[in-house]
Amino acid sequence: MSTPMRETPGGRPRSSGSQASTPLRRRAMLAGMAALAAGAALLQAGCALKPSGAELPPIVFVHGNGDSAALWQAQLWRFESNGWPRERLLAVNMPNPSARDDNTVAQDGRSSAADQARYLAAEVDRVLAATGAKQVVLFANSRGGNAVRSCIEAGCAGKVSHAILGGTPNHGVWAIPSFRPNNEFNGAGPYLSALNAPKGANGDEVSPGLAWLTLRSDSNDKFAQPDGVWIGAKGTP
């Protein structure tokens, strides 16, 4: 069995077990240590440029229809483990989290879109007062995105720097004027039609003055089904 060969700085082959290779290994080790030291210095410089906890904006997480703040537990852990101050992470519990059948008619144990927006506006004010921050980031799932958009149009205007919407039915779960027309999730109904009306100089659907991000799925949508069971219309295509 042959012994692996290695070249010395002078180009002469030596076996890996030869004493002549020791200076090369020592130089390689020293070079590696120097590289590690340089890398550590760069990491320290990067950390010095990283915003402090007081400079990171508070994030308010808003759950969806019939859900609770527990939805965001894993995300809270992830943000905190990546250096976001725990006191600047808040998942709200929206009261009566399920939407009314008719957004304009009071219903026991249910809330209107306006109810949700008012509650969220109060939570934003509370977070700003507690942290001393000037603006918050709003991170919403599903129906929570409706509350975020409505809040920004009204009581949250100027208090939000970024809005992130995940799986929000911005254009409705259905868009049929004759089917439950006043439901909050009807894209052809008065609530979403008003929310999506052109705004700002560019005529966008969302309010100007902040950064927006919308996340959606093209292939894993429980509402895009051949039967209308999920919207209360079983047997209807």
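Predicted model only: the values in this text are computed from it and were never measured.

1. Remarks on the packing of helix H3 (residues 113-131) against helix H4 (residues 144-153)
For any two helices packed against each other, the geometry is given by the interaxial angle and the distance between the axes. H4 packs onto H3 with a crossing angle of 70 degrees between their chain directions and a minimal axis gap of 8 Å. Classified by the angle their axes make, H3 and H4 are roughly perpendicular. Where H3 crosses over H4, the two elements pack in a sense that is right-handed. Residue-level contacts link Gln116, Ala117, Leu120 and Ala121 of H3 to Ala147, Val148, Ser150 and Cys151 of H4. When its residues are assigned to classes, the contact of H3 with H4 shows six nonpolar, two polar and no charged.

2. Quick notes on H3
Spanning 19 residues, H3 covers 27 Å between terminal C-alpha atoms, matching the ideal 27 Å at 1.5 Å per step. Where H3 is concerned, the buried positions are Ala113, Gln116, Ala117, Leu120, Ala121, Glu123, Val124, Val127 and Leu128. Seen end-on, H3 carries its buried residues on one side only, within an arc spanning 165 degrees. Of the exposed residues in H3, the ones pointing more than 90 degrees away from its buried face are Arg118, Ala129 and Ala130. On its buried side, H3 packs onto strand E3 (59-62), strand E4 (89-92), strand E5 (136-141), H4 and helix H5 (190-195).

Conventions used here
- Residues numbered from 1 in each chain as written.
- Predicted model: local features only at pLDDT ≥ 70, side-chain atom pairs only at ≥ 80, totals over all residues.
- Heavy atoms only, no water.
- Axes fitted to C-alpha atoms, helices over the stretch in contact; angles between N-to-C directions.
- Helix = DSSP H or I, 4+ residues; strand = E, 2+ residues; numbered from the N terminus.
- Parallel < 35°, antiparallel > 145°, perpendicular 65-115°, else oblique.
- Left-handed = near helix turned anticlockwise from the far one by under 90°.
- Contact = heavy atoms within 4.5 Å.
- Nonpolar A, V, L, I, M, F, W, Y, C, P; charged D, E, K, R; others polar.
- Expected span 1.5 Å × (residues − 1).
- Buried < 20%, exposed > 50% of the residue type's maximum accessible area, 1.4 Å probe, protein only.
- Arc of directions from axis to C-beta.

None of the figures reported here should be taken as evidence of function without further support.
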